[in-house]
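Okay, here's what each chain looks like letter by letter:
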Amino acid sequence: MTEVTEVTIAEEQLQRPPAEVRYADELAALRAADGDPRPPGWQLSLRAARRFVVGDEQAGISRKFVGNVSLVERALVTLATNRGLMLVGEPGTAKSLLSELIAAAVSGGSELTVQGGAATTEDQIKYSWNYALLVSEGPSSRSLVPAPMLRGMAEGRIVRFEEITRCPLEVQDCLLSLLSDRVIAVPELDGPQGMVFARQGFNVIATANTRDRGVNEMSAALKRRFNFETVFPIPDFDTELALVEAEATALLRQSGVAAAPRRDVLEVLVGTFRELRGTAGRGERMSAVMSTAEAVSVAHAVGVRGWFLRGEPGGAADVVASLAGTAAKDSPEDLARLRRFLEQDVPRRKGAQWQALHDARHLLAD
């Protein structure tokens, strides 16, 4: 077996390969054909990076982010400066996907990631120590364990900081000197090893959910070091439907489902999500997150349920059976809203699948 075949098999066994692996051929083609000037330390020019994210049908580059092209352009321009990029928006609006795609285009990799949370520490952001070596040899470059920020600065690469507002304020503020002075001091090390200066290409993409406002609000000093861009939900029904169909089809294929999702079922699913999130301007808005990403998850569950239980693609009844865990979660109020939608609003819609959705309302858990 050749090395290429082994690598291909290994990649196929991954549940979700990173963007630089999934789109390695596209990145290689863009780099080979890229004759535009590049910011220092970048793998691609701004125009080539934009094409990678938003697609170029003539060049065989797929569209990966469904959103405003000007948002992508502003994000890339920000990263070419010394200001960090902050992507904010409702949960499930593809902020993390956009940061991953941009990091893959700019740095050739997206793996330098800090996942923010209540337990995130400064060590997980900057550096820590191999304590066995630290005890036996003392502080040295061998005993130093670099975290994503130190690696990003030393290698001149983009670092992603997910859910930054989930981190305690004192942890957030360790970014202040990194983003302003572009240096990490390691006081335990002597001489030049004690200072890690940022190389060209280093910058930070952070994400934050608007629903997390007030949890650990960023300080004004830290906000000044970022340019903020808001990622909005997809406003157009047809665009959202096409995205859900494409993503659900790919997920079902990975799950061993041979049948493609039915488009009429997906139309009902996407229409239901848009009604319940308030996009369609009718009905009661759910407090739960009714994002496009959640719609993809439900479409995936519908296909898995139909194929492995009955040998078919799945229908409207499977949508109802899968909705409670996504739309209602543990909120009695949301469950009541969902029940009213199925009993009162759905009968007004025309179509066999809408009727089937109404007929299956009894499958909604009490």
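Per an unreviewed UniProt entry, the recorded name for the chain is AAA family ATPase, and the organism is Streptomyces muensis.

Helices and strands together make up the secondary structure of the chain, namely 18 helices and 9 strands. C-alpha atoms of the chain, sized along the principal axes, occupy 75 × 50 × 45 Å. For the chain, the proportion of its 366 residues judged to be buried stands at 45%. Long-range pairs, those at least 24 residues apart, make up 71% of the contacts in the chain between residues at least 6 apart in sequence. Charged side chains of the chain number 42 positive and 48 negative; the gap between the two group centres comes to 4 Å.

This part is about the pattern of salt bridges. Here the structure, examined in full by the defined rule, presents 25 salt bridges. For Glu26, the salt bridge goes to Lys64, with nearest N and O atoms at 2.6 Å. Of the two residues, Glu26 sits in helix 3 (residues 24-33) while Lys64 sits in the loop between helix 4 (46-54) and helix 5 (69-79), which places them 38 residues apart along the sequence. Accessibility classification places Glu26 together with Lys64 in one group, the buried group.

Looking at where Asp318 falls in the secondary structure, it is placed in helix 16 (residues 316-328). Separated by 2.9 Å, the side chains of Asp318 and Arg305 make a polar contact. Not counting the four nearest positions on each side in its chain, Asp318 is found in contact with Val302, Arg305, Gly306 and Arg310.

Turning our attention to the state of the cysteines. One covalent bond between the sulfur atoms of two cysteine residues makes up a disulfide. One pass over the structure, following the stated rule, counts 0 disulfides. Free cysteine Cys167: the closest other cysteine sulfur is in Cys174, separated by 8.5 Å. Look at Cys167 and you get buried, because its relative accessible area is 0%. The exposure class assigned to Cys174 is buried, which follows from its relative accessible area of 8%.

A word on the sheet that holds strand 5 (residues 158-162). One open sheet holds the 5 strands; their spatial order is 2-5-8-1-9, and the pairing between them is parallel. Edge positions in the open sheet fall to strand 2 (113-115) and strand 9 (226-230), since each of these has one partner strand only. With strand direction ignored, the average angle separating the axes of adjacent strands in the sheet is 20 degrees.

A separate point is the packing of helix 14 (residues 263-277) against helix 15 (residues 292-310). Relative orientation of the contacting elements helix 14 and helix 15 amounts to 145 degrees, with a least axis distance of 10 Å. Between helix 14 and helix 15 lies a crossing whose hand is right-handed. Note on element contacts: helix 15 touches helix 14 through Thr292, Glu294, Ala295, Val298 and Ala299, opposite Leu266, Leu269, Phe273 and Arg277. Of the residues belonging to the contact of helix 14 with helix 15, the class tally is 6 nonpolar, 1 polar and 2 charged.

Basis of the calculations
- Residues numbered from 1 in each chain as written.
- Predicted model: local features only at pLDDT ≥ 70, side-chain atom pairs only at ≥ 80, totals over all residues.
- Heavy atoms only, no water.
- Helix = DSSP H or I, 4+ residues; strand = E, 2+ residues; numbered from the N terminus.
- Buried < 20%, exposed > 50% of the residue type's maximum accessible area, 1.4 Å probe, protein only.
- Contact = heavy atoms within 4.5 Å.
- Lys, Arg positive; Asp, Glu negative; His and termini not counted.
- Charge placed at Lys NZ, Arg CZ, Asp CG, Glu CD.
- Salt bridge = Lys/Arg side-chain N within 4 Å of Asp/Glu carboxyl O.
- Polar contact = N/O pair within 3.5 Å; in protein donor to acceptor, adjacent residues only side chain to side chain.
- Disulfide = S-S within 2.5 Å.
- Pairing = 2+ DSSP bridges.
- Axes fitted to C-alpha atoms, helices over the stretch in contact; angles between N-to-C directions.
- Left-handed = near helix turned anticlockwise from the far one by under 90°.
- Nonpolar A, V, L, I, M, F, W, Y, C, P; charged D, E, K, R; others polar.

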